[in-house]
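Commentary on secondary and tertiary structure
Each chain is listed here by its residues.
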Amino acid sequence: MTNPGRKPVIAGNWKMHKTKQEAKQLASAIASAVKGQSDLPTVVLCPTFTGLETVIAESAGSPVQVGAQNMDWREQGAFTGEIAPPMLVDLGVKYIIIGHSERRQFFGETNQTVNLRLKAAIKHNLVPIVCVGETIDERENNLTDAVIARQIAAALVDLTAEQIKGILIAYEPVWAIGTGKVCEAQEANRVAKLIRKTVANLHTMPNLADSIPILYGGSVKPSNIEEQLEQSDLDGALVGGASLNAEEFLALITATQKKLRLAPTKS
Ligand code: PGA
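As a convention, each chain's residues are numbered from 1 in the sequence order in which they are written. For this predicted model, a pLDDT threshold of at least 70 governs which residues receive local features, and a threshold of 80 or more governs which side-chain atom pairs are given and counted, while totals over whole chains, interfaces and linings are taken from all residues. For side-chain calculations, the full set of non-hydrogen atoms in the structure is used, while hydrogens and water are omitted.

Considering the packing of aromatic side chains
Threshold: Stacked, tilted and edge-to-face pairs are distinguished by plane angle, under 30 degrees for stacked and over 60 for edge-to-face with tilted covering the rest, among Phe, Tyr and Trp rings (Trp via its six-membered ring) whose centres lie within 6.5 Å. Consider the ring centre and the ring normal. A charge sits over the ring if Lys NZ or Arg CZ is within 6 Å of that centre and within 35 degrees of that normal.
Counted by the stated rule, this structure contains one aromatic pair. The cationic tip of Arg74 hangs over the ring face of Trp73; the distance from NZ or CZ to the ring centre is 4.3 Å. The side chain of Arg103 reaches across the aromatic face of Phe107, ending 4.2 Å from its centre.

Have a look at this one:
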């Protein structure tokens, strides 16, 4: 967190958890705890589609922002089971997770559909959190850098530098998600630098790559977030398991607040 222009982000990905009532309780506990506090990171909660309306209502009047975990890229149509961007905007959703590895792994999402979703998000003024990450096989075969560079370049196809400026990127090594095996902070930082370099190679706009917040994701817990936050090129976390519990999630916010107090950001 050395770049004063990048505000850190703590985003919770609730995945397929929480009924409406459970979502209400968790969102209300988080929103009431952060309300009125200073030096907060951007706090984003990403419940299931069925929890969105409730979480938006519970977060109203608090700094908590709400995101969805996925969306189709088309405006409407005969796509049974899908949710279109205008439907999310209509509810008051502000953020959208794109290309999470579970979507890539279990639901056939590709670099190309990530690009289509990203373009749709930008068109509808949703703030995208684009996820990239290598599998354990790719890491063990020294393919990490090639995979990440390819995922980033493919996600950003046809986007202008202006459009790229507003996105967030999450580096989430697949082998670290939900496994308790956190990626070593220096290594996550090295990959974050590679992501910036890949963006810089695509566009010559000065400072573009440095302006993008890059989150780390994969078994983030209150016990390991500080190390990640100390890295020069990491700006917060996308959190699964630890975001399902108010106390743990709030502890991640508090840790980020402490860092911000030591090194305030501009925005
Ligand atoms: P985890 O999930 O924190 O449970 O590892 C992270 C994610 O999938 O975004």
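Observations concerning the sheet that holds strand S2 (residues 42-46)
In a beta sheet, neighbouring strands are held together by backbone hydrogen bonds and run either parallel or antiparallel to one another. Going by this rule: Between any two strands, at least two bridges found by DSSP are needed for them to pair. Helix and strand definitions follow DSSP, with helices as H or I runs of at least four residues and strands as E runs of at least two, each counted in order from the N terminus. To obtain each axis, a line is fitted to C-alpha atoms, and for helices this fit is confined to the stretch in contact; angles are then taken between N-to-C directions over 0 to 180 degrees. In this analysis, two residues are considered to be in contact whenever any of their non-hydrogen atoms come within 4.5 Å of each other.
Spatial ordering of the closed barrel is given by S1-S2-S3-S4-S5-S6-S7-S8, a layout of eight strands whose pairing is parallel. Adjacent strand axes in the sheet meet at a mean angle of 25 degrees when their direction is disregarded. Relative to strand S8 (residues 236-239), strand S7 (residues 214-217) runs parallel, the two being bridged by two bridges. Among the inter-strand pairings, Tyr216 is bridged to a residue of S8, identified as Ala237. Contacts from helix H12 (residues 246-262) reach strand S1 (9-13), S2 and S8 within the one sheet, and its direction differs from that of S1 by about 165 degrees.

Considering empty space enclosed by the protein
If a probe the size of a water molecule is rolled over the atoms, the empty space left behind becomes visible. Applicable threshold: Whether a set of points on the 1 Å grid over the protein atoms alone is a cavity depends on a 1.4 Å probe fitting there but being unable to get out, while an open set qualifies as a pocket with protein on both sides within 12 Å along at least five of seven lines; lining residues are those with an atom within 4 Å of a point. Grid points are joined across faces, edges and corners, and a volume is the space filled by probe spheres set on the points. By the convention adopted, Pro, Cys, Tyr, Trp, Phe, Met, Ile, Leu, Val and Ala count as nonpolar, Lys, Arg, Asp and Glu as charged, and the other residues, Gly among them, as polar.
This model, assessed by the stated rule, comprises two cavities of 30 Å³ or more. In this structure, the largest cavity occupies an estimated 40 Å³ of space. Taken together, Gly99, His100, Ser101, Arg104, Cys131, Val132, Gly133 and Glu172 form the lining of the largest cavity. Residue assignment for the lining of the largest cavity shows that the elements contributing at least two residues are helix H4 (101-106) and strand S5 (127-132). Grouping the constituent residues of the lining of the largest cavity by class yields two nonpolar, four polar and two charged.

What to know about the environment of Gly217
Looking at where Gly217 falls in the secondary structure, it is placed in strand S7. Placed 46 residues apart in sequence, Gly217 and Tyr171 show a C-alpha to C-alpha distance of 6.0 Å. Residues contacting Gly217, with those up to four places away along its chain left out, are Tyr171, Glu172, Pro173 and Leu238.

So, the site of the ligand
Just so we agree on the cut-off: Note on definitions. A residue lies near a molecule or strand when any single heavy atom of the residue is within 4 Å of it. Polar contact is the term for a pair of N or O atoms within 3.5 Å; when the atoms are in protein, one must be able to donate a hydrogen and the other to accept it, and sequence-neighboring residues count only if both atoms are side-chain atoms. Residue burial considers only the protein chains on display, and all accessible areas are found by Shrake-Rupley using a 1.4 Å probe.
Surrounding the ligand, one finds 13 residues, the nearest of these being Lys15, His100, Glu172, Gly178 and Ser219. The side chain of Lys15 places a nitrogen or oxygen atom 2.7 Å from an oxygen atom of the ligand. Between an oxygen atom of the ligand and a main-chain N or O atom of Gly178, the distance comes to 2.6 Å. Calculation on the ligand without its partners gives an accessible area of 290 Å², and the protein chains cover 96% of this total. Residue classes in the shell around the ligand are distributed as four nonpolar, seven polar and two charged.

Considering helix H7 (residues 144-155)
What counts, and what does not: Expected span of a helix, by definition, is 1.5 Å for each gap between consecutive residues, and there is one gap fewer than residues.
Taking 1.5 Å as the rise per residue, H7 with 12 residues should run 16 Å; its terminal C-alpha atoms sit 16 Å apart, in good agreement. Structurally, H7 contributes buried residues whose contacts are with H4, helix H5 (111-123), S5, helix H6 (136-140), strand S6 (168-171) and helix H9 (185-202).

Focus on the side chain of Arg117
Counting through the fold element by element, Arg117 comes out in helix H5. With residues near it in sequence (within four places) discarded, Arg117 still touches Asn70, Met71, Trp73, Glu82, Ile98 and Glu109.

Focus on the layout of surface pockets
Here the largest pocket defines a volume of roughly 440 Å³. Together, 19 residues line the largest pocket, and Lys15, Met16, Gln69, Arg103 and Phe107 are the ones closest to its centre. In terms of residues, the lining of the largest pocket owes the most to one element, H4, which gives three residues. Residue composition of the lining of the largest pocket, by class: seven nonpolar, seven polar and five charged. As a volume, the second largest pocket reaches approximately 180 Å³. Taken together, 13 residues line the second largest pocket, and the ones lying closest to its centre are Arg104, Gly133, Thr135, Glu138 and Gln151. For the lining of the second largest pocket, the secondary structure elements donating two or more residues are H4 and H7. Of the residues contributing to the lining of the second largest pocket, the split by class is two nonpolar, seven polar and four charged.

Concerning the pairing of strand S4 (residues 95-98)
Our working definition: Any residue under 20% of the maximum accessible area for its type is buried, any over 50% is exposed, and the rest in between are partly exposed; the area is computed with a 1.4 Å probe on protein chains only.
Burial along S4 is two-sided: Tyr95 and Ile97 facing one way and Ile96 and Ile98 facing the other are all buried. For S4 and S5, the ladder comprises four bridges, and the chain directions are parallel. Counted as the bridge partner of Ile98 is Val130 from S5.

Notes on H5
Helix length check: H5 (13 residues) gives 18 Å between terminal C-alpha atoms against 18 Å at 1.5 Å per residue, within 8%. Among all positions in H5, only Thr113, Val114, Asn115, Arg117, Leu118, Ala120, Ala121 and Ile122 are buried. Looking at the buried positions of H5, the neighbouring elements they touch are helix H3 (85-91), S4, H4, S5, H7 and helix H8 (161-164). Phi turns positive one or two residues past the end of H5, at Asn125, with a value near 60 degrees.

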